[in-house]
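Next come the chains, spelled out residue by residue.
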Amino acid sequence: MNNFFHVIKDPVHGTMQFTSTEDAWVKPFIDSGNFQRLRHIKQLGMGDFIFPGAVHTRFNHCLGCSYVASQIAHKVGLADEERQLVMIASLLHDVGHGPFSHAFEGIFYDKLIQHEDWTPHFLRDYNTNDFFQHYNRINPRHHLTEDKFRVIAEMIMHKPVTKSVLADIVSSQLDSDRLDYLLRDSHFCGVKYGEFDFHWMLHCMTIVESKEGERLGITDKGIGAIEHYLMARRLMTRNIYHSRKKLALETLLVYLLSNLASHLEYHQAYGDIRHTRLGKFLIAANRFNQQIEQSNDKSVLKQAFLDEQYKTYKELCDYDVFSLIKQLTEVNDATAACEIAKRLHERRMPKIVRLNYADLPSIEMEIQTFKSKHQALFQDWQILLIQTPHRSYSGEEDPILVLNEQGEVHTISDFSFTINALTDRLEHILFLAVDDSICDHALVNALMKKLQMNERELMIGENK
């Protein structure tokens, strides 16, 4: 095969060049229906409601991941067949995502079903004789076998593989996923938080020896780039991924879907919706939630639901949810689902009240008392307390390893005061989201002022 380049123009990585060999490795997967579905699932859920440019998709991101994986593999000198495995695994790592990405996982009891749980079903669609024969015709020198595909699946599902450095490229603190999404999300959101020197990081990547065998690491020349990269991850989390308005809208979306699911099967006003693809899935999800809460064997029920509903789930995308929201705005009903749908459709943002996590127990009690006392006046979804923890760097579970000039391997925390301060540090964001239609109510105003006054008192106390 002539070794020409297949070029994909990308706003983040510029000209992504794949050799003809690499193109043949990934193209059969890219052209599949399961992967094309990712064109219709936005990367940042409802992020574009806050950052209008954030309309990029899981499809864009996964292509970028595969390209980054190929660059890392070239840099550390992986053999062709190893590079093939990490490129495919990086390409398919997000194939299990549902509509609005992570937000959709909130419709399940205790978030018991996440996108990773669906991934084996999507991968199983490729693990067939027909697909292997088609793939191997295109790749006569690099056949795909059941054993090789099992390694790909194990890397995607975070299971141990014989050569740890391959898994590190797919899933670690230096993986192709993070290296792409920070740059990509920063670009499309129109912010600088996620920028770092990717090319220098790539130049400094190396294979290091550890007690687990060969791992993906960095030379000591790359310490500054890693500091920049981890700080970029922290800032993107705080300002983009955990943007208060974004989280509030996604919480409302989950509330809408959950409320709709609990009434969909019997409520007359929802007659047209219950027969849609998403409607049928929500009915099944509601039954699952009711059963799982009472079950002593949750794993069996969970697996049965995944097996039964996969055919429907694999057809769902953002358009199904948008269509549902539009449909609900036309239903003349005062249920929470319809009210929230109108607000999302019109982008009526809730008011955000920032709170201090240090005072969480008293805040929870204050809000619970308020809701109980005034439940006839306000619906539960109109006053939402939202909290989300995040950790920028997990040094204990998966440290970034550095090779110094003497050939010794240490964790990066040993070299960097900045990273040492971030290591395993759990940070919290806490806020109240108040429906815009009740913000001017005297009782709600009094509640918000009281909570904000408590926050100011705490901050003054902390600064003394």
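Okay, so let's go over this structure. The model shown is predicted, which means the values in this text are computed figures rather than measured ones. (Residues numbered from 1 in each chain as written. Predicted model: local features only at pLDDT ≥ 70, side-chain atom pairs only at ≥ 80, totals over all residues. Heavy atoms only, no water.)

### Considering empty space enclosed by the protein
The full count for this structure, using the stated rule, is four cavities of 30 Å³ or more. Considering only enclosed or pocket space, the largest cavity measures out at about 90 Å³ in volume. Taken together, D168, S172, Q173, L174, R215, L216, D398, P399, I400 and L401 make up the full set of residues lining the largest cavity. Partitioning the lining of the largest cavity into residue classes produces five nonpolar, two polar and three charged. (1 Å grid on protein atoms, 1.4 Å probe; cavity = no way out; pocket = protein on both sides within 12 Å on 5 of 7 lines; lining within 4 Å. Points joined across faces, edges and corners; volume = space filled by probe spheres on them. Nonpolar A, V, L, I, M, F, W, Y, C, P; charged D, E, K, R; others polar.)

### Section: the sheet that holds strand β3 (residues 205-210)
Read from one edge of the open sheet, four strands run β3-β4-β7-β8, paired in mixed fashion. Of all strands in the sheet, those bounded by a partner on one side alone are β3 and β8 (409-411). Averaged over all pairs of adjacent strands, the angle between their axes in this sheet comes to 50°, without regard to strand direction. Sheet topology places strand β4 (residues 213-219) next to strand β7 (residues 401-403); two bridges connect them, and they run parallel. Residue I218 lies in a different strand from β7, and its bridge partner there is V402. Sheet strands touched by helix α3 (residues 58-76): β3 and β4. Its angle to β3, the strand with the most contacts, is close to 65°. (Pairing = 2+ DSSP bridges. Helix = DSSP H or I, 4+ residues; strand = E, 2+ residues; numbered from the N terminus. Axes fitted to C-alpha atoms, helices over the stretch in contact; angles between N-to-C directions. Contact = heavy atoms within 4.5 Å.)

### With respect to helix α13 (residues 277-294)
When the terminal C-alpha atoms of α13 are compared, their 27 Å separation across 18 residues agrees well with the 26 Å that a helix rising 1.5 Å per residue should span. Buried residues along α13 sit against α5 (115-126), α12 (244-264), α14 (298-313) and α15 (318-329). (Expected span 1.5 Å × (residues − 1).)

### Here we look at the packing of aromatic side chains
Counting across every chain of the model gives 25 aromatic pairs. Considering the side-chain rings of F29 and F131, the 5.0 Å spacing of their centres and the 55° angle between planes classify their relative orientation as tilted. On the criterion of sequence distance, the pair formed by F29 in helix α1 (residues 20-30) and F131 in helix α6 (residues 129-138) is long-range, its members being 102 residues apart. Both residues of the pair, F29 and F131, belong to the buried class. The interplanar angle of 65° and the centroid separation of 5.2 Å between the aromatic rings of F100 and F322 together place this pair among those described as edge-to-face. In this pair, F100 is assigned in the loop between α4 (80-92) and α5 and F322 in helix α15, connecting sequence segments 222 residues apart. On the basis of relative accessibility, which here comes to 2%, the residue F100 falls in the buried class. Above the plane of the ring of F59 lies R39, whose end atom (NZ or CZ) is 3.9 Å from the centre. (Phe/Tyr/Trp six-rings, centres within 6.5 Å; stacked < 30°, edge-to-face > 60°. Buried < 20%, exposed > 50% of the residue type's maximum accessible area, 1.4 Å probe, protein only. Lys NZ or Arg CZ within 6 Å of the ring centre and 35° of its normal.)

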